Amino acid sequence: MQTELFDIERRSDYTFKYNANFGRHGWLRLTPAYSVKLVREIIAEDCKKGDKILDPFSGTATTGLVASEMGFSSVLYEINPFLIWLGNIKCQNFSISELVLLQQQFDRCLEIVEVSNDNWFPPIHNIERWWHVDTLCVLASIRQRLVETFGEPNGNHYHNLVWVAFSRLIIETSSAAFNHISMSFKENATLYGFSHIILLLKTIFSHIISSAKVQLAGNSEVVQQNSKDLTFEKESVFDTVITSPPYPNRISYIRELRPYMYWVKFLKNGSDAGQLDWEAIGGTWGTATSNLKKWQPVNTNLPEQLYEVCEKIKASEDKNSEIMSLYVHKYFDDMYSHFATLRKSLKYNAKINYIVGNSSFYGNFVDTEKILSESMNKIGYKRIQIQNIRRRNTKKGLYEFNVRAVWD
């Protein structure tokens, strides 16, 4: 039975909601993203001038952007190409004079948008659940006009700011809700008029331009890397790790990112989404779930508590209990491999911080923080601590923790 931690608050300032009012951090919402405030506190406690920071699960690049704002250098690893694209835009320094010119070009571009039914829109299944058919037509027409002026998303960070704004626009005009595991839709898609959509896009872009003018004191880069099996050009280079891997709770980045990724052409079909999720730690979208039936563990010496909870989940009277047991097993098997390969990149006495949450399957609590800390201990990490962070706004008994350790 899970012990209730009555003295732990919900602390919305330690969630993605806190980020919305902090410049570049608020460009695009991602529910699993963690708090700017929390990252700042960890850097202030663990880092000294000149330290190099690693985030092996970049997500929306919160760690890298905070590090740059505080004058530190960091490297971020990410498997999702859209998040790599977004993170590198967010962590880029921009010329104010070039941003002024970009704003002028953007304004002229939107003066000539011809609404047509013939423009491309993404092959999202049942797309009219997401957008009213007339709203969809306007969005596709705006997209076509942006392509004519700025080209498709590419390596030009200035033009990519336009596409970040468009990504925000398509989710702001959608009928989807991303506030729980099972994504839901309004009963009827909302119809937004042409003038309203144009004004909304201008407002979004103005916010992005304004925050992009703020110069970053440090530098951060997001590179493609699968954190299940890390490879490094140089060994022993990082002083601090600050990250928040996916939690073992069946929530997938792909689930929330699909509309963005389709509209800016990082996804072409559902099978690509499923394959990407299968490669990531904790992925459960599409084929990622069916692939679990054939999965075999890589590591044989995982914490005993994991094996015990997996057996309890498997024994639950539910049609998906065996698959969910395999899902939990695979998650911690992947994380064990991650911790084992991470060692090569850490300097002596490097500090690591993993923001994680526990989960529950059919009434069986998976104590993520305890299983990960024991995994670290088996691999050789020292001075392992579990710090309680907050009570989550979900089921009773679910919390967030910082699992801290030192590599020496």
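Just so it is clear, the model here is predicted, and its values are computed rather than measured.

Enquirer: What am I meant to see in the overall build of the protein here?
Expert: When helices and strands are counted, the protein shows 14 helices and 11 strands. Taken along the three principal axes of its C-alpha coordinates, the protein extends 65 × 55 × 40 Å. Burial analysis of the protein (408 residues in total) assigns 56% to the buried set. Across the protein, contacts joining residues at least 24 apart in sequence account for 76% of those joining residues at least 6 apart. Taken as two groups, the 46 positive and 44 negative side-chain charges of the protein have centres that lie 2 Å from each other.

Enquirer: What should I look at first to understand the pattern of salt bridges in this one?
Expert: Side chains that differ in sign of charge can pair as their charged atoms come close. Tallied over the entire structure, the rule returns 12 salt bridges. Linking E45 and R404 is a salt bridge whose minimum nitrogen-to-oxygen distance equals 3.6 Å. Separated by 359 residues along the polypeptide, E45 in helix α2 (residues 36-46) and R404 in strand β11 (residues 399-407) bring together distant segments of the chain. For E45, a relative accessible area of 51% gives the class exposed. Where R404 meets D46, a salt bridge forms, and the shortest distance between an N and an O atom there is 3.0 Å. Of the two residues, R404 is situated in strand β11 and D46 in helix α2; the sequence distance between them amounts to 358 residues. Owing to a relative accessible area of 8%, D46 belongs among the buried residues under this scheme. Counted as one network, the salt bridges with shared partners bring together E45, D46 and R404.

Enquirer: Help me out: how do you make sense of the environment of H159 in this one?
Expert: The residue H159 is located in helix α7 (residues 157-172) in this model. Between the C-alpha atom of H159 and that of F106, which follows or precedes it by 53 residues, the distance is 9.5 Å. Beyond its immediate chain neighbours, meaning those up to four positions away, H159 contacts L102, Q105 and F150.

Enquirer: Sorry if this is basic, but what is going on with the nonpolar core here?
Expert: One broad rule of soluble globular proteins: the nonpolar side chains tend to lie buried together. Of all hydrophobic cores here, the largest spans 59 residues; its most connected members are F82, W131, I142, L146 and L161. For this core, the elements supplying multiple residues, two or more each, are α4 (81-90), α5 (96-110), α6 (133-150), α7, α8 (194-212), α9 (253-263) and α10 (270-279). Broken down by element, the residue count for this core peaks at nine residues, all from α7. The residues touching F82, leaving out its near neighbours within four places in the chain, are L28, S167, L257, Y260, M261, V264 and F266. Counting 45 residues, the second-largest nonpolar core is a separate cluster that includes F57, L342, Y381 and F401.

Enquirer: Which parts of the structure should I look at to understand α2?
Expert: Residues spaced three or four apart along an α-helix point in a common direction, a consequence of the helix completing one turn every 3.6 residues. Within α2, the full set of buried residues consists of V36, L38, V39, I42, I43 and D46. Relative to the axis of α2, the buried residues are bounded by an arc of 165° and lie together on one face. In this structure, α2 carries A44 and E45 as exposed residues pointing more than 90 degrees from its buried face. Its side-chain oxygen at 3.0 Å from the backbone nitrogen of K37, S35 defines the N-terminal cap of α2.

Enquirer: Sorry, what's going on with unusual backbone geometry here?
Expert: Apart from glycine, the bulk of residues carry a negative phi angle, and the bulk of peptide bonds sit in the trans form. One non-glycine residue with positive phi stands out, namely K265, at about 65°. Structurally, K265 is set in the loop between α9 and α10. In this structure, Y362 takes a positive phi of about 55° despite not being glycine.

Rules of the game
- Residues numbered from 1 in each chain as written.
- Predicted model: local features only at pLDDT ≥ 70, side-chain atom pairs only at ≥ 80, totals over all residues.
- Heavy atoms only, no water.
- Helix = DSSP H or I, 4+ residues; strand = E, 2+ residues; numbered from the N terminus.
- Buried < 20%, exposed > 50% of the residue type's maximum accessible area, 1.4 Å probe, protein only.
- Contact = heavy atoms within 4.5 Å.
- Lys, Arg positive; Asp, Glu negative; His and termini not counted.
- Charge placed at Lys NZ, Arg CZ, Asp CG, Glu CD.
- Salt bridge = Lys/Arg side-chain N within 4 Å of Asp/Glu carboxyl O.
- Core = buried A, V, L, I, M, F, W, Y, C linked by side-chain atoms within 4.5 Å.
- Arc of directions from axis to C-beta.
- Polar contact = N/O pair within 3.5 Å; in protein donor to acceptor, adjacent residues only side chain to side chain.

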